[in-house]
Amino acid sequence: MSKSLTDLEIYETFVAAYPEKFGGKEESDELFEEVLEFANSLEGFEDISVLLGRIVMLTHPMKSGLTGRLWHCFGAVEIKGDQVSMTACVTREVPTPKPWCKTMDRPKDECGCPDCGSSLVQMGEPQS
Ligand SMILES: [Zn+2]
C-alpha cells in the first residue's frame, strides 16, 4: 500500500535528487515554492525517466551477496517472516569512491604527500 508524499516530503526529495539545481541554497519560502513549482512542471516519459533515475540514487545501497558490490535499487518487496527480499526493477551500482589520503584528507590522485608515495618533494635532513 502506498501513500502520497506531502509537500514537505516532495520538497526534501527534490532538493536531494537535483543537487545541482537546488543544493546549497538557503532554505526559504521562495526556495520551497521554486522546488514545488519545478516538481509540478514535470510531465511525460522523459521527465519521469530522469526523476526515477535520480530517485534510485537516493536509496540505501544493498550489497550483492555474490560480488560484494554495492547497488542502489528499488523494486517489489516481499516479506516472509523475518526474511525480506526484493525483486529489483532498477539497479545502479554505487560509484566506487576514489582512493583517499587520510593524512591530507583529500583524494590520493590530487595529493602527492609522502604517504601517498608519489611525492616529487624529498624531505632532506636539515643541514648543520
Ligand atoms: Zn597524501
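Now for a description of the structure that goes with this document. It should be emphasised that the depicted structure is a prediction, and the values quoted were computed from it without experimental measurement.

### Section: the sheet that holds strand β2 (residues 70-80)
The three strands lie next to each other as β1-β2-β3, forming an open sheet whose pairing is antiparallel. Each having just a single partner strand, β1 (62-63) and β3 (83-93) make up the two edges of the open sheet. The pairing of β2 with β3 spans ten bridges and is classified as antiparallel. If you follow Gly 75 over to β3, its bridge partner there is Ala 88.

### Points about unusual backbone geometry
Peptide bonds are trans in most cases, and residues, glycine excluded, mostly fall at negative phi. Unusually for a residue other than glycine, Asp 105 sits at a positive phi of about 55°. On the secondary structure map, Asp 105 appears in the loop between β4 (100-101) and β5 (106-107).

The rules we used
Residues numbered from 1 in each chain as written. Predicted model: local features only at pLDDT ≥ 70, side-chain atom pairs only at ≥ 80, totals over all residues. Pairing = 2+ DSSP bridges. Helix = DSSP H or I, 4+ residues; strand = E, 2+ residues; numbered from the N terminus.

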